[in-house]
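Residue-level listing of the chains:
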Amino acid sequence: MILDAPLTARVAGIDPLSPTLKRVRFVPERGRFPTAAPGAHILVTLRGPERIWKNAYSLVTPPEQRDSYAIIVRRVEASRGGSHFLHDHLKPGDPVEIGPPTSLFPIASLARRHILIGGGIGLTPFLSYLPVLRARGAAFELHQYCTDDESEVFAGLLAEAGGMAMIHGRTNRRSVAGILADQPLGTHVYTCGPERLMAAVEAAAFAAGWPSGAIHKESFGSAEGGAPFTVTLARSGRTVPVSESQSLLEALETAGVEAPCLCRGGACGVCLTRVIDGAIEHRDHVLTEEERAGGRLIATCVSRARSDALVLDL
Amino acid sequence: MTDQGIKSRPIYAALRRDPSGRRHLYVSAGAEPPPPALCDGPLEGWSVGPPTAEGTRTPPEREGERRFRSASQLKATLARRLATERMGLRLYAEGPEDFLWDVFGIAQEHGLGRQEVFLKQAGTLARRVQCVHCKTLNEGVSTTIVRCAGCGANLFVRDHFSRRLSAFQGVKVDAEQPGDVPPAERAYP
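I will try to describe carefully the structure that is included in this document.

Calculation rules
Sequence order as written defines the numbering, with residues in each chain counted from 1. Going through the entries in the order they are written, you letter the chains from A and number the ligands from 1. In keeping with the model being predicted, local features are shown solely for residues with a pLDDT of at least 70 and side-chain atom pairs are shown and tallied solely at 80 or more, while totals for entire chains, interfaces and linings include all residues. Note that contacts rest on C-beta atoms placed from the backbone: two residues are in contact if these are within 7 Å. Side-chain classes are defined by residue name, with Ala, Val, Leu, Ile, Met, Phe, Trp, Tyr, Cys and Pro counting as nonpolar, Asp, Glu, Lys and Arg as charged, and the others, Gly among them, as polar. Pairing between two strands requires that DSSP report at least two bridges joining them. Runs of E in the DSSP output that reach at least two residues are strands. Runs of H or I that reach at least four are helices, and both are numbered from the N terminus. The axes are straight lines fitted to the C-alpha atoms, using for helices just the contacting stretch, and the angles between their N-to-C directions are given from 0 to 180°. Residues with at least 20 other C-beta atoms within 10 Å of their own are called buried, those with 12 or fewer are called exposed, and the rest are partly exposed. The C-beta atoms themselves are positioned from the backbone. Here a helix's expected span is defined as the number of its residues, less one, multiplied by 1.5 Å.

1. So, the interface of chain A and chain B
Contacts between the two partners involve 15 residues from chain A and, on the opposite side, 15 residues from chain B. Residue composition of the side of chain A that touches chain B, by class: seven nonpolar, six polar and two charged.

Right under this line is the structure:
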């Protein structure tokens, strides 16, 4: 079944986990939520007084849990405001719109062993992997990299999800290369976290001779702001301003343009739009080097203009 | 007769070394040395001596070379070897189609995926044919029609190849008109 319509829900509870981390639980307004795949994320529409954010968050509830969904959100200083709104203004009982869960980070069905490597809040998709891997009796290891301050918070979340994890703090950490150095055939690695960690995982796996199909990455929240610019829509002739704290996609949505999107993190490629004129600052994980150099496609959810203006085929 | 319009058969490219691998193992159902395109660095080479050489085999000349008495012995050793192998291995196989997919099945069972195994058909085109009626595997079939060693049915050898069974499918040729068996042609030398 493909669900398109947003799910109407309300905030059932907000647990502060640390000064910058909150877990938000949503319940459906009617009936039950759809079953989500392990590693799935949802698009949460946040309606602030002046603007609307649509942010993607990994579900941290077990896939079969349908009476509520939970996400964990970090309050990011340099954010576009969504995480601030969620931390500072959202309260229990508030209505929210949630997109149907989508998974771009599935568990590989042919893998014989799974190595999960999380960095900081990048642990979240793995919290929905754990019950599934355990139910399947799968062989797996989970390694969580974080600051010493947060190791207890993550240890607590992992204990709730059933444990079997190693926490690597700042002062006492095993190298990613060491983890991947001597794994049996059929091992797959999954990583979610800061770009540097994911790049290190990928480099270590390639160095140990792993095939690309055994390396899985999930990245979200790379929609950082940047210099403001304007975008002209060639088909309608309209001009839309993109502010410092907005993504191009958000600016289009604010202007009422129906722009395609799915992951909002530069990972899925659904939002790719043809560029007619202007220089692009590519920030996605989808386009090949060739396509980037060609400068004819932009992932509107994360990428921006390097010039003052862009002309899009919209 | 040989092109039956079935387009699902595997296509094999020439073997070349995959530089992303860390260890490389070449297994062959024949006695020929590995192709030069694989030898650009350390390579283990496993081969099978012909039955005619029984008792006269000389020890391998190169390091990493092993000779087996039969393809069966090679496959059994490969299974034991892969059970203890680690990520980073690339496996190359060369030989008749049944041998290739037996090797692929062993590799898959031990966790190797499509990006880690490379196959190249060589040697006889004779087919392993599964009788779809009695499930007997008939080895070394070189004709378009074969009498099943299991149930005696006259089987038409279809181009339908099962990668799982490493075998072509053989279907009773005279099911509609019992006894109406066309002459067999030698098509798979």
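Alright, that's what it looks like, and here's the rest.
2. Here's the deal with the sheet that holds strand 6 (residues 127-131) of chain B
Residue and element names in this part refer to chain B. Spatial strand order, 7-6-10-9-8: five strands in an open sheet with mixed pairing. Single-partner strands in this sheet number two, and they are strand 7 (137-141) and strand 8 (145-147). This sheet shows a mean twist of 45° between the axes of neighbouring strands, independent of strand direction. Bridge count between strand 6 and strand 10 (residues 167-172): three bridges; the pairing is parallel. Bridge pairing in strand 10 links cysteine 131 to glycine 170.

3. Description of the sheet that holds strand 1 (residues 7-18) of chain A
All names here are of chain A. The sheet built from six strands is open, its strands ordered 4-3-6-1-2-5 with antiparallel pairing. Each edge of the open sheet is held by one strand with a lone partner, namely strand 4 (52-58) and strand 5 (69-74). This sheet shows a mean twist of 40° between the axes of neighbouring strands, independent of strand direction. Where strand 3 (residues 41-47) and strand 6 (residues 95-98) come together, two bridges link them in antiparallel fashion. Following the sheet pairing, threonine 45 is matched in strand 6 by glutamate 97.

4. Some details on unusual backbone geometry
One non-glycine residue, arginine 264 of chain A, lies in positive phi territory at about 60°. Locating arginine 264 of chain A in the fold gives a position in the loop between helix 6 (248-254) and strand 14 (272-277). In this structure arginine 264 of chain A comes out as buried when scored by C-beta crowding, with 28 C-beta atoms within 10 Å. Even without being glycine, lysine 135 of chain B reaches a positive phi, approximately 70°. Relative to the assigned elements, lysine 135 of chain B resides in the loop between strand 6 and strand 7. On the neighbour-count criterion, lysine 135 of chain B (11 C-beta atoms within 10 Å) is exposed.

5. Examining helix 2 (residues 97-109) of chain B
Residue and element names in this part refer to chain B. With 13 residues, helix 2 extends 18 Å from end C-alpha to end C-alpha; this agrees with the ideal 18 Å at 1.5 Å per step. Counting buried residues in helix 2 gives ten out of 13 residues, a clear majority hidden from the surface. Listed in full, the buried residues belonging to helix 2 are Glu97, Asp98, Phe99, Leu100, Trp101, Asp102, Val103, Phe104, Ile106 and Ala107. Check the buried side of helix 2 and you find it contacts strand 1 (23-28), helix 1 (71-82), strand 4 (89-95), strand 5 (117-121), strand 6 and strand 10. Where helix 2 terminates, the next one or two residues include glycine 111, which has phi positive at roughly 100°.

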